[in-house]
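# Notes for the structure review
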Amino acid sequence: MGLSYNVYLTSSRIYMCKNCKTHLSNHEDIISRNFRGQHGKAYLFSTVVNVVEALPVERNMTTGRHIVRDISCRGCNQIVGWKYDKAYETQEQYKENKFILEAELLVQVCSRVGPADARADACAAPADHHHLLLL
């Protein structure tokens, strides 16, 4: 087994682990904000980085039966959400190979790049998660 390196994202809005600030995903990778996790509000992402996937398990969830695996931050081993491997219900199959990150376990970083108006828009975000502002 070789060394693993963290991926550093360069988007204007990045979601990071609240505990250790490891980059996890870009704002542009959010598919839906209409999810709930153990800690409340959660987001469905198309792509995440710097996570370790646990073994798959079958879970009965509010939307039906799924095979999922917990995902942990590579930096601190905190469970930050889960990955959908399989959805048994046809209408839920869009979740397969997608990731849930729980808002309470994230911090959002907004970089100050570009004109002032664009910066203000880029950093405007829902009040349900924490923010850092990079100058």
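Residues numbered from 1 in each chain as written. Predicted model: local features only at pLDDT ≥ 70, side-chain atom pairs only at ≥ 80, totals over all residues. Heavy atoms only, no water.

### Considerations on the layout of surface pockets
Threshold: Only protein atoms enter the 1 Å grid used here. Points where a 1.4 Å probe fits but cannot escape make up a cavity, open sets with protein on both sides within 12 Å along at least five of seven lines make up a pocket, and a residue lines them when an atom lies within 4 Å of a point. Grid points are joined across faces, edges and corners, and a volume is the space filled by probe spheres set on the points. We count a stretch as a helix when DSSP gives it H or I for four or more residues in a row; a strand needs E for two or more, and each element gets its number in order from the N terminus. Polarity classes work like this: nonpolar for Ala, Val, Leu, Ile, Met, Phe, Trp, Tyr, Cys and Pro, charged for Asp, Glu, Lys and Arg, and polar for all others, with Gly in that last group.
Of the volumes computed, that of the largest pocket is approximately 210 Å³. Counting residues per element, the ones that place at least two in the lining of the largest pocket are strand 3 (30-37) and strand 8 (79-87). If you add up the space inside the second largest pocket, you get close to 170 Å³. In terms of lining, the second largest pocket is formed by 13 residues, of which the most central are Gln38, Arg59, Asp70, Trp82 and Glu102. A breakdown of the residues in the lining of the second largest pocket according to their chemical character gives 4 nonpolar, 5 polar and 4 charged.

### Description of the packing of aromatic side chains
Rule in force here: Between the rings of Phe, Tyr and Trp (Trp by its six-membered ring), a pair exists once the centres lie within 6.5 Å; its type follows the angle of the planes, with under 30 degrees stacked, over 60 edge-to-face, and the other angles tilted. Categorising residues by exposure relies on relative accessible area from a 1.4 Å probe, with only protein chains included: less than 20% of the type maximum marks a residue as buried, more than 50% marks it as exposed, and the intermediate range marks it as partly exposed.
According to the stated counting rule, one finds 4 aromatic pairs in the structure shown. Consider the rings of Tyr15 and Tyr43, whose centres lie 6.1 Å apart with planes at 65°: the pair is edge-to-face. Of this pair, Tyr15 sits in strand 1 (residues 13-17) while Tyr43 is found in strand 4 (residues 40-45), placing the two residues 28 residues apart along the sequence. Per residue, the accessibility class of Tyr15 equals that of Tyr43, and both read buried. Each ring, one from Trp82 and one from Tyr84, has its centre 6.2 Å from the other, and the planes form 75°; the classification is edge-to-face. Judged by its relative accessible area of 8%, Trp82 falls in the buried class. With a relative accessible area of 3%, Tyr84 lands in the buried category.

### Some points on the environment of Arg13
The residue Arg13 is located in strand 1 in this model. The exposure class of Arg13 is buried, given its relative accessible area of 9%. Sequence separation of Arg13 and Cys110 is 97 residues, and the distance between their C-alpha atoms is 4.7 Å.

### Re the confidence of the model for the chain
Condition: Scored from 0 to 100, pLDDT reflects the predictor's confidence in each residue. Contacts are assigned to residue pairs that have any heavy atoms within 4.5 Å of one another.
Averaged over all residues, the pLDDT of the chain is 86; the fraction at 70 or higher stands at 80%. Low pLDDT (under 50) marks residues 117-122, which in the prediction has 8 contacts with non-local residues, meaning those over four places away or in another chain.

### Observations regarding the pattern of salt bridges
The criterion, for reference: Definition used for salt bridges: Asp or Glu carboxyl oxygen within 4 Å of a side-chain nitrogen of Lys or Arg.
Taken as a whole and judged by the stated rule, the model has 7 salt bridges. Residues Lys18 and Glu104 are paired through a salt bridge, measuring 2.9 Å at the closest nitrogen-oxygen approach. Remark: Glu104 occurs in the loop between strand 9 (99-102) and strand 10 (106-111) and Lys18 occurs in the loop between strand 1 and strand 2 (23-26); sequence separation between them is 86 residues. Lys18 sits in the partly exposed class, given a relative accessible area of 31%. Arg59 is the salt-bridge partner of Asp70, the closest N and O atoms lying 2.9 Å from each other.

### A closer look at the nonpolar core
So the rule is basically this: Nonpolar core, defined: a set of buried Ala, Val, Leu, Ile, Met, Phe, Trp, Tyr and Cys residues in which side-chain atoms within 4.5 Å join the residues together.
Ranked by internal contacts, the top residues of the largest apolar core, which has 15 residues, are Leu24, Phe45, Val48, Ile71, Val80 and Leu101. Formed by 7 residues, the second largest nonpolar core is a distinct cluster that contains Phe35, Ala42, Val68 and Tyr84.

### Digging into the pairing of strand 9
What counts is decided by this rule: When DSSP finds two or more bridges between two strands, those strands count as paired.
Burial of the side chains of strand 9 extends over both faces: Phe99 and Leu101 are buried on one face and Ile100 and Glu102 on the other. Relative to strand 9, strand 4 runs antiparallel, the two being bridged by 4 bridges. For Ala42, the partnering residue across the bridge sits in strand 9 and is Glu102. Two elements, strand 8 and strand 9, share 3 bridges in a ladder whose sense is antiparallel. Residue pairing across strands places Gly81 opposite Leu101, the latter belonging to strand 9.

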